[in-house]
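Residue strings, one per chain:
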Amino acid sequence: MKSIFHPRKKISLYLDQRLSPEEVQKLEEHLSVCKSCRRLLQNMSTMRAVLREKPSVSVRKDFVSRVIAGHRRQQADEAFWIGFESVPRLLPQLAFVLVVVLALLWSWPQLEITTPEAVDDQIARVSVLDEREMISNLTTYDEALRFALNGTYENMEGDRK
Amino acid sequence: MEYYKDEYYDLIKASQRGDVKAAGKLVEAHAQAVHDFLFHLCGNRHLTEDLAQDTFLRALTALKHYQFRAPLRAWLFRIAINLYRDQRRRKIVRNIVSSYHDNEQEAENIVSNTSVQTPHAELERKERFAHLYKAMQKLPESLRTVIIMRDLQELSYEEITQVLHWRLGTVKSRLFRARKELAELLSDFWEEK
Ligand SMILES: [Zn+2]
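Residues numbered from 1 in each chain as written. Chains lettered and ligands numbered in written order. Predicted model: local features only at pLDDT ≥ 70, side-chain atom pairs only at ≥ 80, totals over all residues. Heavy atoms only, no water.

**Q** Help me understand the packing of aromatic side chains, please; the structure alone is not making it clear to me.
**A** Any pair of aromatic rings gets described here by the distance separating the centres and the angle formed by the planes. Residue and element names in this part refer to chain B. Evaluation of the coordinates by the stated rule reveals six aromatic pairs over all chains. Between Phe37 and Phe77, the ring centres sit 4.3 Å apart and the planes meet at 15°, which makes this aromatic pair stacked. Of this pair, Phe37 sits in helix H2 (residues 20-42) while Phe77 sits in helix H4 (residues 72-91), and the two are 40 residues apart along the sequence. Taking the centre distance of 5.7 Å and the plane angle of 25° together, the rings of Phe39 and Tyr133 count as stacked. (Phe/Tyr/Trp six-rings, centres within 6.5 Å; stacked < 30°, edge-to-face > 60°. Helix = DSSP H or I, 4+ residues; strand = E, 2+ residues; numbered from the N terminus.)

Quick look at the structure:
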């Protein structure tokens, strides 16, 4: 059996009158002898006819008024935001400033003491400083040595007395 | 780009200047086309109503950017498609089985709600539409979109290239594929008549 070429793509274009007169003539010749292409054309055109009957959804009666009401609300919102139009453009700079401020706050020692544990920690550090200051105030090597051997300032004070 | 003189030119210009009454007329003039378009795209009545309303709200806000490069109708379809796609992305978590069932039911409702002709012709018309409707939902979105634009909304090939940003050759070949697939899906039913 000899296989023949079916110009099916042309059938779609034929339906839309997008073929040249020569192409139309060639296609119509083919259609007159080819049952399967005729059937495709028939089905395509029936399908289009059915589609164009448009038994689709009806538009709600209040559709237009609802859209317009929604539009007015949008316009009102837009008018409110109009003064802030430059904000989005400044956003990177604002973010940078915020990061810097947060970093400063975070590293600020005084402001760090927020929890009871942090307060205790801070007190402990201060008392260590006090102790060091006392050691530096001890005048003689002896005193320093005794302090080291006895371990605590209180003991040393007691020995002195 | 070519300057497209829309038949609603004056209304569009007035709306762009902020004339709400003109905007209302524009919505009224295009409401049915947008509903039809969305309905055939998504196959669900309630979703169609929601998306149609969102389409017009977005369109009215963006109207100042409309430049008459394609008919307003085609421009509205483009907004509608984008909204439909967004919605579908969000829908992924929803139960597909139940929505399929809803759509089946929807097809029945639509065919039973259409106008009455002679009983036999009317019945046949309903059946044909129900079959077309079901077949349509089986097409991939791009094929469904192009066939709705061409065969239902009667946009020209050139208008479709502008709305969908496809090349003319792509429009032609996808339209052919859409019609061929629909014809195949429907041939069993239609040809025995
Ligand atoms: Zn053939």
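**Q** Honestly, the coordination of the zinc ion in this entry has me stumped. Any pointers?
**A** Note on metal sites: the ideal angle is 109.5 degrees for four tetrahedral donors, and 90 or 180 degrees for six octahedral donors. All names here are of chain A. Bound to the zinc ion on the protein side are His6 (ND1), His30 (NE2), Cys34 (SG) and Cys37 (SG), at distances that span 1.9 to 2.3 Å. Around the zinc ion, the four donor atoms are arranged such that angles at the metal cover 101 to 117°; this shape is classified as tetrahedral. One chain supplies every donor for the zinc ion, spaced along it as H-x23-H-x3-C-x2-C. Pair noted here: His6 is in the segment before helix H1 (8-15) and Cys37 is in helix H3 (residues 35-52), with a separation of 31 residues, a long-range link. With relative accessibility at 0%, the residue Cys37 sits in the buried group. (Donors = N, O, S within 2.8 Å, 3.2 Å for Na, K, Ca; no water. Tetrahedral: all angles 85-135°; square planar, octahedral: opposite > 155°, others 65-115°. Buried < 20%, exposed > 50% of the residue type's maximum accessible area, 1.4 Å probe, protein only.)

**Q** Hey, could you run me through the pattern of salt bridges in this one?
**A** Opposite charge on two side chains makes pairing possible when the charged atoms of those side chains draw close. With the rule as written, the count across this model stands at 14 salt bridges over all chains. One salt-bridge network, in which partners are shared between bridges, spans Asp16 and Arg48 of chain A together with Arg150, Asp151 and Arg179 of chain B. (Salt bridge = Lys/Arg side-chain N within 4 Å of Asp/Glu carboxyl O.)

**Q** Please clarify how the nonpolar core should be interpreted in this entry.
**A** With 78 residues, the main nonpolar core has Ile11 of chain A together with Phe37, Leu72, Trp75, Ile147, Met149 and Leu182 of chain B as its most contacted residues. If one sorts the elements of this core by residue count, H2 of chain B sits on top with twelve residues. If sequence neighbours within four positions are ignored, Trp75 of chain B has contacts with Ala59, Ala62, Leu63 and Tyr66 of chain B. (Core = buried A, V, L, I, M, F, W, Y, C linked by side-chain atoms within 4.5 Å. Contact = heavy atoms within 4.5 Å.)

**Q** What is the right way to look at the packing of H3 of chain A against helix H7 (residues 141-152) of chain B in this model?
**A** Each packed pair of helices is defined by two parameters, the angle between the axes and the distance between the axes. Put simply, H3 of chain A and H7 of chain B touch, their axes get as near as 9 Å, and they point 80° apart. In terms of their interaxial angle, H3 of chain A and H7 of chain B are classed as roughly perpendicular. Side by side, H3 of chain A and H7 of chain B meet where Met47, Arg48, Leu51 and Arg52 of chain A of the first sit next to Ile147, Arg150, Asp151 and Leu152 of chain B of the second. Tallied by class, residues from the contact of H3 of chain A with H7 of chain B come to four nonpolar, no polar and four charged. (Axes fitted to C-alpha atoms, helices over the stretch in contact; angles between N-to-C directions. Parallel < 35°, antiparallel > 145°, perpendicular 65-115°, else oblique. Nonpolar A, V, L, I, M, F, W, Y, C, P; charged D, E, K, R; others polar.)

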